[in-house]
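Letter by letter, the chains look like this.
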Amino acid sequence: HKRPPQDQNAAAITLSRQARHLLRTAGSAEVSCDQLDVWRGAVAASLYLAPFQNRLTFALNGLKDALPRLVHLDGGHWQRDPARHLRALAQMIELRQWLRDTKTAVPPALDEVIHRMTPMLRAYRLGDGGLAAFNGGGCGDVALIERVLELSGSAAKAVSSAPHTGFHRLTAKHTHVVMDVGAPVHGNAGTLAFEVSAGKQRLIVNCGG
């Protein structure tokens, strides 16, 4: 059933108010776990809401400036949580698709970050296809992980060392080891924790989130 016109108008007014507030405050937002959400919302409003299309350059520049603070040079998410890394990568891929769907040029910085994050996501995986559970994250959904890797467009192999994010990965035939060698972050002190899988079996694990 279609919404009554008055309901549609009320929804449009509310959406416009929220978009206006977001675009007004996005530049002053502090770096936090919500920073990517802030700029994704700003880009979405600029792409899909006619009154705000003149703010697209502002939104894309804000996103571009935020990316180096959100993703380390080795491709790891700044929170050092594999599950959060997966979510952030999926969000960036979705954002890139919005730009493509609207025939908007994709900023090279966004493409570059996606291609850096993809081999890092592969590095977090154990033999069963799920993620190692570090810094509050869980194992993730294997089907979602596979889909994100597919949509990334990157065939780069898993990194073995991520010195900026603080993880190392060892692989010998069907045995995989992922170790946290970074400093504690946000109350998560898992330094030198590690997970081991043999084939599809997890032998040594963390408790996760």
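Refer to the structure above for everything that follows.
Attention here is on the structure that accompanies the text. Source: prediction; values computed, not measured. (Residues numbered from 1 in each chain as written. Predicted model: local features only at pLDDT ≥ 70, side-chain atom pairs only at ≥ 80, totals over all residues. Heavy atoms only, no water.)

Per the secondary structure count, the protein chain includes 6 helices and 5 strands. Taken from the N to the C terminus, the helices and strands of the protein chain come in the order α-α-α-α-α-α-β-β-β-β-β. In the protein chain, which comprises 209 residues, the share counted as buried stands at 42%. Of the accessible surface of the protein chain, which amounts to about 11,000 Å², a share of 57% is contributed by carbon and sulfur atoms. (Helix = DSSP H or I, 4+ residues; strand = E, 2+ residues; numbered from the N terminus. Buried < 20%, exposed > 50% of the residue type's maximum accessible area, 1.4 Å probe, protein only. Areas by Shrake-Rupley, 256 points an atom, 1.4 Å probe, with all protein chains shown as cover.)

The subject of this paragraph is helix 5 (residues 108-123). Because an α-helix completes one turn every 3.6 residues, residues spaced three or four positions apart along the sequence face the same direction. Over its 16 residues, helix 5 extends 24 Å from the first C-alpha to the last, a length consistent with the 22 Å expected when each residue adds 1.5 Å. Buried within helix 5 are the following residues: L110, V113, I114, R116, M117, T118, P119, M120, L121 and A123. (Expected span 1.5 Å × (residues − 1).)

Turning our eyes to something else, we now look at unusual backbone geometry. One non-glycine residue, K103, adopts positive backbone phi at about 60°. Here K173, not a glycine, exhibits a phi torsion of approximately 55°, which is positive. Within the fold, K173 resides in the loop between strand 2 (167-172) and strand 3 (175-180).

With that out of the way, let us pick up the pattern of salt bridges. The full count for this structure, using the stated rule, is 9 salt bridges. With a closest N to O distance of 3.0 Å, E94 and R40 form a salt bridge. Taken together, the residues E94 in helix 4 (residues 82-101) and R40 in helix 2 (residues 35-48) connect sequence positions 54 residues apart. On the basis of relative accessibility, which here comes to 38%, the residue E94 falls in the partly exposed class. You can call R40 buried: its relative accessible area is 13%. One connected set of salt bridges, linked through shared partners, spans D128, E195 and R202. (Salt bridge = Lys/Arg side-chain N within 4 Å of Asp/Glu carboxyl O.)

For the rest of this paragraph, the subject is the environment of S46. With respect to the helices, strands and loops of the structure, S46 is situated in helix 2. C-alpha of S46 to C-alpha of L23: the two residues are 23 residues apart in sequence and 8.9 Å apart in space. When residues no more than four places from it in sequence are discounted, the contact partners of S46 are L23, F52, Q53, R55, L56 and A59. A distance of 3.5 Å separates a polar side-chain atom of S46 from the backbone oxygen of R55. (Contact = heavy atoms within 4.5 Å. Polar contact = N/O pair within 3.5 Å; in protein donor to acceptor, adjacent residues only side chain to side chain.)

Let us now look at the packing of aromatic side chains. Counted according to the given criterion, the structure contains 4 aromatic pairs. When the centroid spacing of 6.5 Å and the interplanar angle of 80° are considered together, the rings of Y48 and W98 count as edge-to-face. In this pair, Y48 sits in helix 2 while W98 sits in helix 4, placing the two residues 50 residues apart along the sequence. Residue Y48 is classed as partly exposed on the basis of its relative accessible area of 45%. Every member of this aromatic cluster is reached through a ring pair, and the members are Y124, F134 and F167. Here the guanidinium or amino end of R55 rests over the ring plane of F58, the centre of that ring lying 4.5 Å away. (Phe/Tyr/Trp six-rings, centres within 6.5 Å; stacked < 30°, edge-to-face > 60°. Lys NZ or Arg CZ within 6 Å of the ring centre and 35° of its normal.)

The analysis is restricted to geometry; functional conclusions fall outside its scope.
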